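Single-letter residue listing:
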Amino acid sequence: MALPEGVTQATFDRALREFEKAVGSRWVFTSDADVALYRDAYSPFQGEPEERVASAAVAPYTVEEVQAVVRAANTHRIPLYTISTGKNLGYGGSAPNLSGSVVLDLKRMNRILEVSERNASALVEPGVSYFDFYRYIQEHKLNVWMDCPDPGWGSLIGNALDHGGGYTMTTFRNHFDAHCGMEVVLANGELLRTGMGAVPNAKTWQQYKFGAGPWIDGLFSQSNFGVVTKMGFWLMPQPDAYLTGTVSVPKHQDLVPLVDILNYLENSGIVNGMPQLGSPLLGGFFSPIGTELRDMLARNAPTEELEAYAKRKGTGYWSCTVKFYGPARSIQANWEYCQEKFAAIPGATFENGETYKFPLSAAEIEDITRNQAAGSRSATLPEFGIPSLTMFSIGARTETNPNPSAGHMWFSPIIPRSAEAIFEANRVFAEASKQLDVPLNAVGFSLPTTYWNRAFIFLFGLPVTKDPATNKKNRAKFEQIVKICAEHGWAEYRTPPAFQEAVMDTYSFNDHALRRFHETLKDAVDPNGILSAGRYGIWPKHLRKV
Amino acid sequence: MTKRANIGGAAALLCVALAVAAPAAAQQPIDGKAVFEKWCAPCHGDGPGKPGTNALQALYKGAKPALLEKRTDLPPDLTKQFVRTGVSVMPFFRKTEISDAELDALAKYLAHK
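The structure reproduced in this document is the subject of the present report. (Residues numbered from 1 in each chain as written. Chains lettered and ligands numbered in written order. Predicted model: local features only at pLDDT ≥ 70, side-chain atom pairs only at ≥ 80, totals over all residues. Heavy atoms only, no water.)

Right, let's talk about the overall build of chain A for a bit. Scanning chain A for helices and strands turns up 15 helices and 21 strands. A compact globule built from 546 residues should have a C-alpha radius of gyration of about 24 Å, and chain A, at 24 Å, falls within 12% of that. When its C-alpha atoms are laid out on the principal axes, chain A stretches across 75 × 55 × 50 Å. Across the 546 residues that make up chain A, the buried fraction comes to 60%. Within chain A, residue pairs in contact and separated by at least 24 positions form 71% of the contacts whose partners lie at least 6 positions apart. About 22000 Å² of surface is accessible on chain A, with carbon and sulfur atoms providing 53% of the total. Averaging the coordinates of the 51 positive side-chain charges in chain A and doing the same for the 57 negative ones gives two points 2 Å apart. (Helix = DSSP H or I, 4+ residues; strand = E, 2+ residues; numbered from the N terminus. Rg over C-alpha atoms; globule rule 2.2 N^0.38 Å. Buried < 20%, exposed > 50% of the residue type's maximum accessible area, 1.4 Å probe, protein only. Contact = heavy atoms within 4.5 Å. Areas by Shrake-Rupley, 256 points an atom, 1.4 Å probe, with all protein chains shown as cover. Lys, Arg positive; Asp, Glu negative; His and termini not counted. Charge placed at Lys NZ, Arg CZ, Asp CG, Glu CD.)

This is the structure in structure tokens:
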């Protein structure tokens, strides 16, 4: 067992005994085999000495047990690293930033404490997964949805704290935005409640986010200032119906008004589902392209030739699918209004898409699953708040991918919501692909994968392999791409521990004023530096590089 | 209507007691099929959109069933090994997710198929 740096065996043993006293010996893991289960299954360091590994793990069941563990760690200066369900794969999994940390595994804290249909809100513990929550809603026949990300095994709390997102209505897609109130164990073991939760006998903890005074919830996301033990969420009332429609436009430059009109429609609340830009011509994340086009793109065919090809084939140059949730008549009217707006683009054509009434039947859910698995552009399960692992086919062995990868790491920059930014990003990624020999838009065109209210996210999965030399090269390339993005004023919204320092280095305005502020906070609220050292580049004083 | 989970207040204390009483809990029979449904079926179940089932179909090309529940050649140790070491993009599972007792039940369930 690896000891935390600077901790003697005797001190570590004393701390472990106190952990055992707090949670029961069955829930303190120290054997090599048990501790190995806390490795990052997708670690880009696998098989290398630099792999970040735990020294032990402790799994409390109650808030009081968390407090006791944190107090013992604080007394003995033992570094802890908190995980919820530990399934943040592609973004670090269950492994710590700092080798030798004891993983504070909150999976056993899996209580759904309250679900209010009338307030469309919930209060949960960190171990509750999207699968657990969906099962609960189904069993209790509640008319609410929880917005979920692609993999259903993640934690509602963990995902929100890592700024994860989903696919339903704008208000709920950004999971941290959709939260309301937290309970946090501080580094000294003290219990804190935020927002209205700070009022004894609070009646509105999940109803109003801010309470009075500074709103501090953001400090506990992508950070290491406390251990979140409860979190409230706002749920989406099950709508009456769902509708999609697609607009296609013929010219390359049409993307400019297409995105601008889309922005207007979304920012006005007329389009309330997650849109999807596409190019029937150029392909992208969801639409692979054929060989004829591939050849045209490889020889940099002029735009006019591509436009002529699109016309000949009867496909648009760009498409945009807009999605609506609400009363059937209202959303039909909204779609008609969208068509009026998009018709400002000469040559725009429209296609009615899918319609669903809720609740979905079992046969409809199976059809949606089948279409999603086939990679079609039609509606997917998370758009209806249904968690699954269907998207986990990325990298898995399939008929067309006979050599599965050993994992992946996500490169996910935030890009402005304009066509000009999309064009520029594609130029930059194409150049970086060539220069670094990485699969970022090597052929074809990249369009946003995720749509926040005011920003796009591009998403590229870089493979993790079994070969340390290849992984080492890919890590260096990843860091290069982060730098290239930053040179253009873009940065990532989320990243694996391996790159958290590199990414936070790009948030460097005014000589890293943001990092210095984080460090000032860290020193104040966790002076012994016991909580998740290194998370998002925030190191305690004794581990800080001078 | 507000629904509260059963586990709250006094019920939570009861669960703490049960969780601490590990030997007693271990003697209770665990339904291996239920463990499969909860932890394995989202990837290895029947129907569309199951990456694990698809991967085994691609691997065996019909020489063996792609569905784990249809296999007749899964000794308990093999199941345990895959759960605790993972393979390809399938991660390993911690004991706070699938306990040793649950893994025993799961391995027996798949072995008896």
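Bringing the overall build of chain B into the picture now. Check the secondary structure of chain B and you find six helices and one strand. Taken from the N to the C terminus, the helices and strands of chain B come in the order β-α-α-α-α-α-α. Counting every position in chain B, which comprises 113 residues, the buried fraction comes to 42%. In chain B, the proportion of contacts linking residues at least 24 apart, taken out of those at least 6 apart, comes to 46%.

As a further point, take the pairing of strand 10 (residues 227-234) of chain A. Residue and element names in this part refer to chain A. Counted residue by residue, strand 10 has seven buried out of eight residues, so it is predominantly covered. Where strand 6 (residues 121-124) and strand 10 come together, four bridges link them in antiparallel fashion. Each bridged residue has a counterpart across the sheet, and for Ala122 the counterpart in strand 10 is Phe233. As paired strands, strand 8 (residues 179-185) and strand 10 are joined by five bridges and run antiparallel to one another. Across the sheet, residue Val184 finds its bridge partner in strand 10, namely Val228. (Pairing = 2+ DSSP bridges.)

Attention now goes to the side chain of Glu183(A). All names here are of chain A. Tracing the backbone through its elements, the reader meets Glu183 in strand 8. The buried category is assigned to Glu183, whose relative accessible area is 1%. A polar contact is formed between the side chain of Glu183 and the side chain of Arg193, at a distance of 2.8 Å. When neighbours within four sequence positions are excluded, Glu183 is seen to be in contact with Val63, Leu191, Leu192, Arg193, Trp205, Val227, Val228, Thr229 and Lys230. (Polar contact = N/O pair within 3.5 Å; in protein donor to acceptor, adjacent residues only side chain to side chain.)

Right, let's talk about the environment of Val228(A) for a bit. Residue and element names in this part refer to chain A. Among the structural elements, Val228 can be located in strand 10. Spatially, the C-alpha atom of Val228 lies 9.6 Å from that of Arg193, the residues being 35 residues apart in sequence. Once residues within four sequence positions are removed from consideration, Val228 is found in contact with Leu106, Pro126, Ile157, Leu161, Met182, Glu183, Val184 and Phe220.

Turning to a nonpolar patch on the surface, a few remarks are in order. Residues and elements named next belong to chain A. Taken together, Tyr208, Phe210 and Trp215 make up a surface patch of nonpolar side chains, about 300 Å² in accessible area. Its location among the elements puts Tyr208 in the loop between strand 9 (191-193) and strand 10. Judged by relative accessible area, which is 41%, Tyr208 ranks as partly exposed. (Patch = residues over 30% accessible without salt bridge, like charges linked within 9 Å, V, L, I, M, F, W, Y side chains within 5 Å. Salt bridge = Lys/Arg side-chain N within 4 Å of Asp/Glu carboxyl O.)

The next thing to look at is the packing of aromatic side chains. All names here are of chain A. What the rule picks out here adds up to 29 aromatic pairs over all chains. Summarising the aromatic geometry, the rings of Trp145 and Phe358 are spaced 4.9 Å apart at their centres and angled 90° between planes, so their arrangement reads as edge-to-face. Taken together, the residues span a long stretch of sequence, with Trp145 in strand 7 (residues 144-145) and Phe358 in the loop between strand 15 (349-357) and helix 11 (362-373) at a distance of 213 residues. By relative accessible area, Trp145 is classed as buried at 6%. Taking 3.8 Å as the distance between ring centres and 5° as the angle between the ring planes, the aromatic pair formed by Phe478 and Phe499 counts as stacked. Remark: Phe499 occurs in helix 14 (residues 497-506) and Phe478 occurs in helix 13 (residues 468-487); sequence separation between them is 21 residues. Like Phe478, the residue Phe499 is buried in the burial classification. Aromatic rings pair up to connect Phe411, Phe429, Phe458, Phe460, Phe478, Trp490 and Phe499 into one cluster. One Lys or Arg, Lys87, reaches over the ring of Trp153 and ends 5.5 Å from the middle of that ring. (Phe/Tyr/Trp six-rings, centres within 6.5 Å; stacked < 30°, edge-to-face > 60°. Lys NZ or Arg CZ within 6 Å of the ring centre and 35° of its normal.)

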